[in-house]
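Results of the structural survey
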Amino acid sequence: MSELFDAVDALLASRATLPLPAERKRLRVAHGLTIDEVATALKVRRATVSGWEAGKTEPRPPERDAYARLLDKLAELYPAAGADVAAPVQDAAVPAPFTAASDPEETRTPSTGPAPEVADVTAPENPAPVAAAPAAAPRPARTTRTSSTSPRTGAKKAAPAGTPAPGTDPRFENGPLAVVDVEDGKALAYCTGGLVLDVPAKSIPALVDWTLREAKLGAPKLAGPGKDADPLLVLTEAALERYGLPATLTEEERLAGRLPEGHTVIRQLARAEWKLTKRGFGPWARIYRPATGSERACVQLCIPSWNALDTRHWGEAGQLPPAELARVLGVYASRVMTPRGSTAVTGLELMTALHPPTRASEPDADGKRHSEHNPGSLGKDAIDPMNWPPCEVPDGHPVLKDLPRFHVRGPGEKLFEEAYDWARPMTDAECTLRHLVGIDVNMAFAAGANGLNVGLGEATHVKNPVFDPKLPGSWLVDLSHVDLSRVKVGKEWVELDGGLLPSPFTPKGERPEGPAWYATPTVAYAVELGYAVRPVEAWVRRENGRYLDGWYNRLRDAYLATMADLGVDTDLSPADFLTAMNGYKSRDPELGLVVSAVKATVKGGLGKLRERPRGEGWRPGEPWRALSRPTWRPDIRAAVIARTRINLHRKIVKHASFTGQYPIAILSDCVVYAADGESPLDFLPYREGKPLPGGFKLGINPGLVKHEGTQTVLWGEEVREKFDAPDLNLARYIKDGTVTDADNGE
């Protein structure tokens, strides 16, 4: 009989009643769930849930029964107001960016400084799963207060799209973080997903104890041998006042980056046997007790009024009300990781979290496990400063201490892989066109890191080596013979106007003169263009691997998921994509802040790989603090930058060989072309909706391009004439046309 009952149950599950697609989406959004969270719970792909909500596919058993159960429960919590859900329903919260122009995107006044040391540049195309365009819902409303001392369950509005639900791990059921505020004399902790907790603590030590014992905050580890994320508390100005902390730092404290050691709160922590890390009680304070076994006791604080959330990367997030700030940081924490400091620090910490330096060994003869090196990681020990190749380190490094004080290293002594900052005068033919159109590569540096083989250990010095494109390292080689007027594109030689192209080997686009140090991707590109290379010497890393793949995947997925929440999907046609990008941040400004922070995490994390000394009484030739980290790896940074610059040049060459069009200016990930129309579609070659293979392609995936801005050719000529600078880099100002000073390239 049991088999018969099982068969009947299977029939019922296969016919489980589901609401219409629009209602499925409405219910998910009403509960603040993301497509990723539903997909994880049902053990299906993100694209599968997206298809169910779009009506393209229907779930099958056993997922259908589970999905129906989820929707039934959500329907009880969020009944449709005055609507028959059995009939097609138009979700009013879904933006319609593809049929009508949206508000223009926020503009910014560009800097007149040089290209950033680590900036988004072109990278390989890496299609990701198609994401449905989630609703652009309003900001969360404050939860109605109750007298309960447990999690507050007062009435609240539906959480906006992109709001992470509290964690599913019972240890962290209230999410990764909370924003602590004070209202009517009571301390409240605003968690992700709209949850609000009462905070009984009256002091910072008591707040730390409450967080670890009762708050159930934190996040599970990102990799098997890794560690769980410590809970993060964000303190508002009202909370600072309650706990005896200043609302702002004095100038002296700001420069020191911390409160003085004698501050009352620091003494309170010491009496309670809590410790602070070396950076002290600053904007990102970490309060801990030494670990006991596998148990950690650590809480991180974030203090926005002390400039913890840099406005260059987080915009005005620090000024948001507590619930909205919890949402912004919660989305970032769920998709990237719980912030560990600035976006740069978090980007670097993400690398380690995904590739922990050690792991537990197999049991020994006594059945005990020990800590051992985790293959594929950078290990737990930093490279000895004196073992670094002299060509790979910045000026002032200990390995260079014997150089004359004012010696300036040239290309034959120093590896100089940086992003493009290049421009040229326009030709007569280009001056007859009407517009200058800038295109910008999405998440280029992140995509440049994807699939890149980098060194994991120390370098080996080799004389007169045979170049191996699969071997990461630095190569001293003469590439001055590479002639851009005749290069290989694919398997065929093509003739180009080399005078209108930047050199792929130097950031300023100048043709190299004599031997110089290059990273492996740069030398490999010379071979790809059809030219032989004969290195004089090299520093190679025989222990290597694709260390940054997981890092790229995590940041790519965070970027694409958030852009999908803003109505920009991966499967849009070129025209629809351009329309969707128009004013996308205005659809949900809070998620727009998350997008900016994710981008800053990419650039900052790579920049931290070559962190320079920052005060600390440092003198040239002496080691600085960052050198003690296993993640101080300027060679990896150089390889990523080289690859992204080369990928951009490859697309430029492909475009020139096919269309005869050449760039006028390049700045990091932005390329400017002259065209008759105002849109990228007016000069990018598309045939029946398909782009030129290997060339520029419009889309949101990392490595694809978007519209950066359009100005007139007349504007370009006028600003160059105004500053008497025929090589003024117009890519720097193409977004809004504002030119505040001459570009001297310094």
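Treat the numbers as computed from the prediction; the structure is a model and nothing was measured.

Here we come to the overall build of the chain. For the chain, the count of helices and strands is 21 helices and 24 strands. Contacts in the chain between residues far apart in sequence, at least 24 positions, make up 73% of those at least 6 positions apart.

What follows is about helix H12 (residues 343–354). Three or four residues apart is the spacing at which side chains of an α-helix point the same way, because the helix has 3.6 residues per turn. Here H12 contains 12 residues, and its C-alpha end-to-end distance of 16 Å stays within 8% of the 16 Å for a straight helix at 1.5 Å per residue. Thr343, Ala344, Thr346, Gly347, Leu348, Leu350, Met351 and Leu354 are the residues of H12 that are buried. Against the buried residues of H12 lie helix H10 (311–314), helix H11 (322–335), helix H16 (549–565) and helix H19 (589–608).

What follows is about the sheet that holds strand E10 (residues 421–423). Pairing is antiparallel in the open sheet, where 5 strands are placed in the order E10-E20-E21-E11-E24. Both edges of this open sheet fall to E10 and strand E24 (705–712), since each of them pairs with a single strand only. When the angles between neighbouring strand axes are averaged without regard to direction, this sheet yields 20°. Alignment of E10 against strand E20 (residues 665–667), held across 3 bridges, turns out to be antiparallel. Bridge pairing links aspartate 421 to leucine 667 in E20.

Moving on, we get to the pattern of salt bridges. Tallying each qualifying case throughout the model produces 35 salt bridges. The shortest N-O distance in the salt bridge between arginine 650 and glutamate 528 comes to 2.9 Å. Residue arginine 650 is located in helix H20 (residues 634–659), and its partner glutamate 528 is located in helix H15 (residues 520–528); the two are separated by 122 residues in the primary sequence. Note that arginine 546 is salt-bridged to aspartate 549, the shortest N-O span being 2.7 Å. Several salt bridges converge on common partners, so that one network encompasses Glu392, Arg541, Arg633 and Asp635.

Looking now at the sheet that holds strand E17 (residues 515–519). Strand order in the open sheet formed by 4 strands is E13-E18-E14-E17, with antiparallel pairing between adjacent strands. Strands with a single pairing partner mark the edges of an open sheet, and in this sheet they are strand E13 (460–463) and E17. Averaged over all neighbouring strand pairs, the angle between strand axes comes to 20°, with direction disregarded. With 5 bridges connecting them, strand E14 (residues 473–478) and E17 associate as antiparallel partners. By the bridge assignment for E17, tryptophan 475 is matched with tyrosine 518. Here H15 sits on the sheet and contacts E14 and E17; the angle it forms with E17, its principal contact strand, is near 110°.

Below, the discussion takes up the packing of aromatic side chains. Centre-to-centre distance and the angle between the planes together describe a pair of aromatic rings. Under the criterion given, the structure shown has 11 aromatic pairs. When the ring of tryptophan 493 is compared with that of tyrosine 531, the centres are 6.0 Å apart and the planes differ by 80°; the resulting orientation is edge-to-face. Of this pair, tryptophan 493 sits in strand E16 (residues 492–495) while tyrosine 531 sits in the loop between H15 and strand E18 (537–540), placing them 38 residues apart in sequence. Using a relative accessible area of 35% as the deciding quantity, one classes tryptophan 493 as partly exposed. You can call tyrosine 531 buried: its relative accessible area is 15%. For the ring pair phenylalanine 505 and tyrosine 518, a centre distance of 6.2 Å and an interplane angle of 65° mean the geometry is edge-to-face. Taken together, the residues phenylalanine 505 in the loop between E16 and E17 and tyrosine 518 in strand E17 connect sequence positions 13 residues apart. Here phenylalanine 505 matches tyrosine 518 in class, with each residue buried.

A word on a negative patch on the surface. On the surface, a cluster of negative charge is made up of Glu717, Glu718, Glu721 and Asp724. Within the secondary structure, aspartate 724 sits in the segment after helix H21 (713–722).

The subject of this paragraph is the pairing of strand E1 (residues 177–183). A large share of E1 lies buried, amounting to 7 of its 7 residues. Because side chains alternate across E1, one face comprises the buried residues Leu177, Val179, Asp181 and Glu183, and the other comprises Ala178, Val180 and Val182, equally buried. When E1 meets strand E4 (residues 232–235), the two strands line up parallel, connected through 4 bridges. Looking at E4, one finds that alanine 178 is bridged to leucine 233. Across 6 bridges, the pairing between E1 and strand E2 (residues 186–191) is antiparallel. Paired with aspartate 181 across the strands is leucine 188, a residue of E2. Linking two consecutive strands that pair antiparallel, namely E1 and E2, is a turn of 2 residues; a positive phi of about 50° is found at aspartate 184 within it.

Okay, the environment of leucine 484 next. Structurally, leucine 484 can be placed in the loop between E14 and strand E15 (486–489). Here the alpha-carbon distance between leucine 484 and valine 494, two residues 10 residues apart in the chain, equals 9.5 Å.

The subject of this paragraph is the packing of helix H3 (residues 35–42) against helix H4 (residues 46–54). With their axes 8 Å apart at the nearest point, H3 and H4 run at an angle of 110° to one another. Here H3 lies roughly perpendicular to H4, going by the angle between them. Packed against H3, whose contacting residues are Ile35, Asp36, Val38, Ala39 and Leu42, the element H4 presents Arg46, Val49, Ser50, Trp52 and Glu53 at the interface. The residue inventory of the contact of H3 with H4, partitioned by class, reads 6 nonpolar, 1 polar and 3 charged.

Along its 17 residues, H16 runs 24 Å from first to last C-alpha, staying within 8% of the 24 Å computed at 1.5 Å per residue. Most of H16 sits inside the fold, with 13 of its 17 residues counted as buried. Directly after H16, the chain includes glycine 567, whose backbone phi takes a positive value near 90°.

Moving on, we come to the side chain of threonine 644. Within the secondary structure layout, threonine 644 lies in helix H20. Looking at threonine 644, the relative accessible area reads 0%, which means it is buried. In terms of polar contacts, threonine 644 uses its side chain to reach the backbone carbonyl oxygen of isoleucine 641, at 2.8 Å.

Okay, unusual backbone geometry next. Proline 61 connects to proline 62 through a cis peptide bond whose omega is 0°. Inspection of the secondary structure assignment puts proline 62 in the loop between H4 and helix H5 (63–77). A positive phi angle, near 65°, is found at glutamate 273, a position not held by glycine. Its location among the elements puts glutamate 273 in the loop between helix H9 (264–271) and strand E5 (275–276). For glutamate 273, a relative accessible area of 61% puts it in the exposed group.

This paragraph deals with the pairing of E2. Burial analysis of E2 places 5 of its 6 residues in the buried class, which makes it a mostly covered element. Strand direction decides the pairing type here: E2 and strand E3 (residues 196–198), joined by 3 bridges, are antiparallel. Paired with alanine 189 across the strands is leucine 197, a residue of E3. Linking E2 to E3, which pair antiparallel, is a turn of 4 residues; within it glycine 193 sits at a positive phi near 75°.

We now examine the environment of phenylalanine 696. Within the secondary structure, phenylalanine 696 sits in the loop between strand E23 (690–691) and E24. Setting aside residues no more than four positions away along its own chain, phenylalanine 696 makes contact with Ile439, Leu648, Lys651, Ile652, His655, Tyr673, Leu684, Pro691 and Val705.

Before going further, it helps to examine the confidence of the model for the chain. With 85% of its residues at a pLDDT of 70 or more, the chain has an overall mean of 86. Confidence over residues 742–746 falls short of pLDDT 50; this stretch has 10 contacts with residues more than four positions distant or in other chains.

For leucine 301, the position within the fold is in strand E7 (residues 295–302). Here leucine 301 falls in the buried class, since its relative accessible area comes to 1%. In sequence terms leucine 301 and isoleucine 287 are 14 residues apart; their C-alpha atoms lie 8.0 Å from each other.

The rules behind each value
- Residues numbered from 1 in each chain as written.
- Predicted model: local features only at pLDDT ≥ 70, side-chain atom pairs only at ≥ 80, totals over all residues.
- Heavy atoms only, no water.
- Helix = DSSP H or I, 4+ residues; strand = E, 2+ residues; numbered from the N terminus.
- Contact = heavy atoms within 4.5 Å.
- Expected span 1.5 Å × (residues − 1).
- Buried < 20%, exposed > 50% of the residue type's maximum accessible area, 1.4 Å probe, protein only.
- Pairing = 2+ DSSP bridges.
- Axes fitted to C-alpha atoms, helices over the stretch in contact; angles between N-to-C directions.
- Salt bridge = Lys/Arg side-chain N within 4 Å of Asp/Glu carboxyl O.
- Phe/Tyr/Trp six-rings, centres within 6.5 Å; stacked < 30°, edge-to-face > 60°.
- Patch = residues over 30% accessible without salt bridge, like charges linked within 9 Å, V, L, I, M, F, W, Y side chains within 5 Å.
- Areas by Shrake-Rupley, 256 points an atom, 1.4 Å probe, with all protein chains shown as cover.
- Lys, Arg positive; Asp, Glu negative; His and termini not counted.
- Charge placed at Lys NZ, Arg CZ, Asp CG, Glu CD.
- Parallel < 35°, antiparallel > 145°, perpendicular 65-115°, else oblique.
- Nonpolar A, V, L, I, M, F, W, Y, C, P; charged D, E, K, R; others polar.
- Polar contact = N/O pair within 3.5 Å; in protein donor to acceptor, adjacent residues only side chain to side chain.
- pLDDT = per-residue confidence, 0-100.

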